[in-house]
Amino acid sequence: SSSSSSSSCPSSLKTSIAGIVLETCVYNASGPRTGSAAALAKITASQSGAVLAKSATVESQTGNPLPRVWHSPDGEASMNSEGLPNSGIDYYLDPATFQEAMGDHPNKPYMISVSGKTLDDNIQMIQKAIHCKHVSIIEQPVSGKTLDDNIQMIQKAIHCKHVSIIELNLACPNIIGKPIIAYDFDQMKSVLQKISNIKNLPKIGVKLPPYFDGPHFKQAANVLNQFKHTIGYVASINTIGNALAIDSLAETPTISSKGGFAGLSGRPVKYTALANVRQMRLLLDESIDVVAAGGVHTGTDVFEFILCGAAAVQVGTCHWKEGAGCFNRICEELKLIMEQKGYTTIDQFKGQLKEWSKEGAAKSRAAKKALQQQQQQQAANKEKESEQIRAGPELANVINAILMVVIAILLADKYGVVDVL
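Residues numbered from 1 in each chain as written. Predicted model: local features only at pLDDT ≥ 70, side-chain atom pairs only at ≥ 80, totals over all residues. Heavy atoms only, no water.

J.: Can you walk me through the overall build of the chain in this structure?
T.: A tally of helices and strands in the chain yields 12 helices and 17 strands. With 421 residues in all, the chain has 48% of them scored as buried. Total accessible area computed for the chain in this model is approximately 20,700 Å², and 54% of it derives from carbon and sulfur atoms. (Helix = DSSP H or I, 4+ residues; strand = E, 2+ residues; numbered from the N terminus. Buried < 20%, exposed > 50% of the residue type's maximum accessible area, 1.4 Å probe, protein only. Areas by Shrake-Rupley, 256 points an atom, 1.4 Å probe, with all protein chains shown as cover.)

Below you can see the structure in the form of structure tokens.
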């Protein structure tokens, strides 16, 4: 619990996921602004705790036709159907790419995401990446057309040494005619079983789609817990699938491919993401960490996710819109919240969400009222300063007029023009 006053010790945002230490608990999600070494270098230079590259396929590809992204007019929601445009796995494993991306920060975790067209492809890529000494984590979205294709990519990735984590994305369709892997629990178990049999495989991460029904949370957690010796963390949530935005003037979808259906992200998904993170933290074995993603834009958002049990938090849409500067801003906002509450480490409040109570609600109302009064006072002070600024020229004119009168009287008295008495 927090102390009554802020500690003199600076707040630390250090955390770890599956044994990998991150200096800050906030880092980028794989997606826009992660496809090139130049883009990754901007993340490296920020306070982001790690650098996660764009999801890679065996060969480079351009993705779906434009337009494939959409932002709501108020900037709150986003949708995308990108089709995994990327430079290919060899580019992201190339030492030259690593050098350009990481620069003077070679010890910051560098994460690779592989998303093969088949499970064989993913296994091949993971086997290749495991032997790359400069790769800290492989984020491995299994989104291939067949299980065999994904296995091939994982086998390729394993050839890179000292990879600490492979993130397996179970939030994408894998077999034509089958649902998203993590929505088909038999298929989910089968995929995890095949992945867990890979030789020299380190602990992996698993990317999950959002769940909406109570029994589904439990079924997913039951499967994941069976592989607790393979899974180091779960990342929750991926975009909310099958969203649709309409251009009412053109009477068409706003996105050109797949009939306009796309993944929803941004602020509106935060509340679904919070619920998923909380449910997973309550249901999963304590050895499996939870990484949050979905609608993160502020330090308060990160604080809430950690309170629900997240060990780290990914930022996607906000990074997309704001650029790498968002990581510094969010980290500083989180530090300020921690200082105000008297926390010096995230472990002090991680997973410590309290039950609702009348006392807590009253405390919240009082704090909000005090903040409102403070804001009103600040607004009043600002208005007063503005009035003084506006009144400044008029007051100066009055003073100048008085001075002129005094000077005129003194001059008149000196030269005897008038009798001042």
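J.: Got a minute to help me understand unusual backbone geometry in this structure?
T.: A negative phi holds for most residues other than glycine; trans holds for most peptide bonds. With an omega of -5°, the peptide bond between leucine 66 and proline 67 qualifies as cis. You can see proline 67 is positioned in the loop between strand S4 (51–56) and strand S5 (69–71). At the junction of serine 236 and isoleucine 237, the peptide bond is cis and its omega measures out at 15° in the coordinates. Counting through the fold element by element, isoleucine 237 comes out in the loop between strand S11 (231–236) and strand S12 (240–243). Not every positive phi belongs to a glycine, and arginine 33 is a case in point at roughly 65°. Residue position: arginine 33 is located in the loop between strand S3 (26–28) and helix H1 (37–44).

J.: Got a minute to help me understand a nonpolar patch on the surface in this structure?
T.: Residues Leu395, Ile399, Leu403, Met404, Ile407, Leu411 and Tyr415 make up a contiguous nonpolar surface patch of roughly 750 Å² in combined accessible area. Position of isoleucine 399 relative to the elements: it lies in helix H12 (residues 358–414). Exposure remark for isoleucine 399: the relative accessible area of 44% places this residue in the partly exposed category. (Patch = residues over 30% accessible without salt bridge, like charges linked within 9 Å, V, L, I, M, F, W, Y side chains within 5 Å. Salt bridge = Lys/Arg side-chain N within 4 Å of Asp/Glu carboxyl O.)

J.: Hey, could you run me through the pattern of salt bridges in this one?
T.: Any two side chains of opposite charge can pair if their charged atoms end up close together. Using the criterion set out here, one finds 10 salt bridges in the structure. Among the salt bridges present, the one from aspartate 285 reaches lysine 228, with a minimum N-O distance of 3.6 Å. Separated by 57 residues along the polypeptide, aspartate 285 in the loop between helix H8 (270–283) and strand S16 (289–293) and lysine 228 in the loop between helix H7 (214–225) and S11 bring together distant segments of the chain. Owing to a relative accessible area of 23%, aspartate 285 belongs among the partly exposed residues under this scheme. For the salt bridge of arginine 329 with glutamate 322, the shortest nitrogen-to-oxygen distance reads 2.8 Å. Overlapping salt bridges bring together Lys270, Asp301 and Glu304 as one network.

J.: Which parts of the structure should I look at to understand the environment of isoleucine 288?
T.: Within the element layout of this structure, isoleucine 288 appears in the loop between H8 and S16. As a C-alpha pair, isoleucine 288 and threonine 230 span 58 residues in sequence and 9.5 Å in three-dimensional space. Ignoring anything within four residues of it in the chain, the contact list for isoleucine 288 reads Leu224, Asn225, Lys228, Ile231, Gly232, Tyr233, Val234 and Arg281. (Contact = heavy atoms within 4.5 Å.)

J.: Explain the packing of aromatic side chains here, please?
T.: Aromatic ring pairs are described here by two measures, namely the spacing of the ring centres and the angle between the planes. With the rule as written, the count across this model stands at 8 aromatic pairs. A centroid spacing of 6.3 Å and a plane angle of 25° characterise the contact between phenylalanine 185 and tyrosine 211, whose relative ring orientation is stacked. One end of the pair, phenylalanine 185, is in helix H6 (residues 185–196); the other, tyrosine 211, is in the loop between strand S10 (204–208) and H7, and 26 residues separate them in sequence. Taken individually, phenylalanine 185 and tyrosine 211 each receive the classification buried, so the pair is uniform in this respect. (Phe/Tyr/Trp six-rings, centres within 6.5 Å; stacked < 30°, edge-to-face > 60°.)

J.: Before we go on, may I ask you to explain the sheet that holds S12 in this structure?
T.: The strands making up a sheet associate through hydrogen bonds between their backbones, and the pairing can be parallel or antiparallel. In space, the 4 strands of this open sheet follow the order S5-S6-S15-S12, with antiparallel pairing throughout. Only two strands of the sheet have a single neighbouring strand rather than two, namely S5 and S12. When the angles between neighbouring strand axes are averaged without regard to direction, this sheet yields 30°. As paired elements, S5 and strand S6 (residues 77–80) share 3 bridges and run antiparallel to each other. When the sheet's bridge partners are listed, tryptophan 70 is paired in S6 with methionine 79. (Pairing = 2+ DSSP bridges. Axes fitted to C-alpha atoms, helices over the stretch in contact; angles between N-to-C directions.)

J.: Looking at this structure, how should I read the packing of H1 against helix H3 (residues 95–102)?
T.: Relative orientation and spacing of two packed helices are given, respectively, by the angle between their axes and the distance between those axes. Closest axis-to-axis distance for the H1/H3 pair is 7 Å, and the angle between their directions is 40°. When the axes of H1 and H3 are compared, the pair comes out oblique. Residues Ala37, Ala38, Leu40, Ala41 and Thr44 of H1 form the contact with H3, whose participating residues are Thr97, Glu100, Ala101 and Met102. For the contact of H1 with H3, a count of residues per class yields 6 nonpolar, 2 polar and 1 charged. (Parallel < 35°, antiparallel > 145°, perpendicular 65-115°, else oblique. Nonpolar A, V, L, I, M, F, W, Y, C, P; charged D, E, K, R; others polar.)

J.: How should the state of the cysteines be read in this particular structure?
T.: Formally, a disulfide is one covalent bond, and it connects the sulfur atom of one cysteine to the sulfur atom of another. One pass over the structure, following the stated rule, counts 0 disulfides. Among the cysteines around cysteine 318, which has no disulfide bond, cysteine 326 carries the closest sulfur, lying 4.4 Å off. (Disulfide = S-S within 2.5 Å.)

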